[in-house]
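Residue-level structural notes
In case you want the letters, here they are:
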Amino acid sequence: MAELLHYLDNAEKVFVFDQVYPLSAATEQANQKKLNAFGMLAKLNPFKRPKEDTVLLSKHVLRYEPFWHVVTTRSVDYSRELTYPVEIGNAYAKKILINGKEYSIAEQGNKRSINLQGVEFSHRKLNYEDHLDGLLRDLKKGALANYINKYKVQEHTVLELPEAIAPQLRLPMLLQKIRQTLDAEVINAHEFQEDIVTIEKIYLYYRPVFAFEFAWTTEDKVGVIEVDGLTGEVIENGQWFKEKLQAITTREMLFEMGSELAGAFVPGGGTAIKVIEKITAS
């Protein structure tokens, strides 16, 4: 049978972190690292490398980058047919009668046994929890969870963040990853009585990041220095993201799933493509 999807009430939420690191400190950090914005090879080139007077700040922005926190459970009831060997200790027994059914005794070496056919009925619960970068980058393990544990957030039902970046890890992609992870656990079964995936949490977080674009005036090149708006950590080889959310986006627009959400789990169902259309803007 196909997996069924159970979606808990209030499973979907949107949070925005309060900015901790000030713009003045972030600007100072970025200026100190600006010569590294074009890569290490450019900096070490003895004939043509960026210099303090040829690298100028062209623009900067406080943007909000997305990441997901998901908690799901797969609950499975299943059965499988097995053969149980039962050793017979009586060396003189020729056959065994159990509940009116006769069993012949098989001999192998010094062992004598009968084989009983049975059906096992089992229940398993598989848990999945993860934090995934919404921009599909490989971040330090535990970094995203650490943000949640250490810094203050505000829940939003209406998102008014003109500089919020649209997730590249779209909701259908995220649900497909959950499904693949849960299905990777091997369950030896002849028949499934019930197979339910419960979405307990699917939270979308936005964290502040300063981005400073520097122009290498003599080479017509640009580079980006990023400064984490929570920790103050500097990323020298940064990016400038163009795909933003709409100026005002409601939680319902971000999480308009309903019955279409099941399409990510049930083969042949409709996909939640409306979610993509609602959250992206050119």
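Residues numbered from 1 in each chain as written. Predicted model: local features only at pLDDT ≥ 70, side-chain atom pairs only at ≥ 80, totals over all residues. Heavy atoms only, no water.

Approximately 380 Å³ is the volume attributed to the largest pocket. Taken together, 19 residues line the largest pocket, and the ones lying closest to its centre are Leu139, Tyr147, Arg207, Glu233 and Ile235. Among the elements of the structure, helix H3 (143-150), strand S10 (191-216) and strand S11 (221-228) are those that each provide at least two residues to the lining of the largest pocket. In terms of residue class, the lining of the largest pocket is built from 6 nonpolar, 5 polar and 8 charged. Reported here for the second largest pocket is a volume of approximately 320 Å³. Here the lining of the second largest pocket takes 4 residues from strand S7 (residues 111-133), the largest share from any one element. Residues belonging to the lining of the second largest pocket are distributed by class as follows: 8 nonpolar, 2 polar and 7 charged. (1 Å grid on protein atoms, 1.4 Å probe; cavity = no way out; pocket = protein on both sides within 12 Å on 5 of 7 lines; lining within 4 Å. Points joined across faces, edges and corners; volume = space filled by probe spheres on them. Helix = DSSP H or I, 4+ residues; strand = E, 2+ residues; numbered from the N terminus. Nonpolar A, V, L, I, M, F, W, Y, C, P; charged D, E, K, R; others polar.)

This part covers the packing of aromatic side chains. Each aromatic ring pair is characterised by the separation of its centres together with the angle its planes make. Enumeration over the complete set of coordinates arrives at 12 aromatic pairs. Three or more aromatic residues joined by ring pairs make a cluster, and in this case those are Phe15, Phe17, Phe67, Tyr147, Tyr151, Tyr203 and Tyr205. (Phe/Tyr/Trp six-rings, centres within 6.5 Å; stacked < 30°, edge-to-face > 60°.)

To continue, consider the pairing of S7. Sheet topology places strand S3 (residues 55-87) next to S7; 21 bridges connect them, and they run antiparallel. Of the residues in S7, the one forming a bridge with Thr73 is Asn127. Of the pairings in the sheet, the one linking strand S6 (residues 106-108) to S7 comprises 3 bridges and is antiparallel in character. Bridge pairing in S7 links Gln108 to Lys111. (Pairing = 2+ DSSP bridges.)

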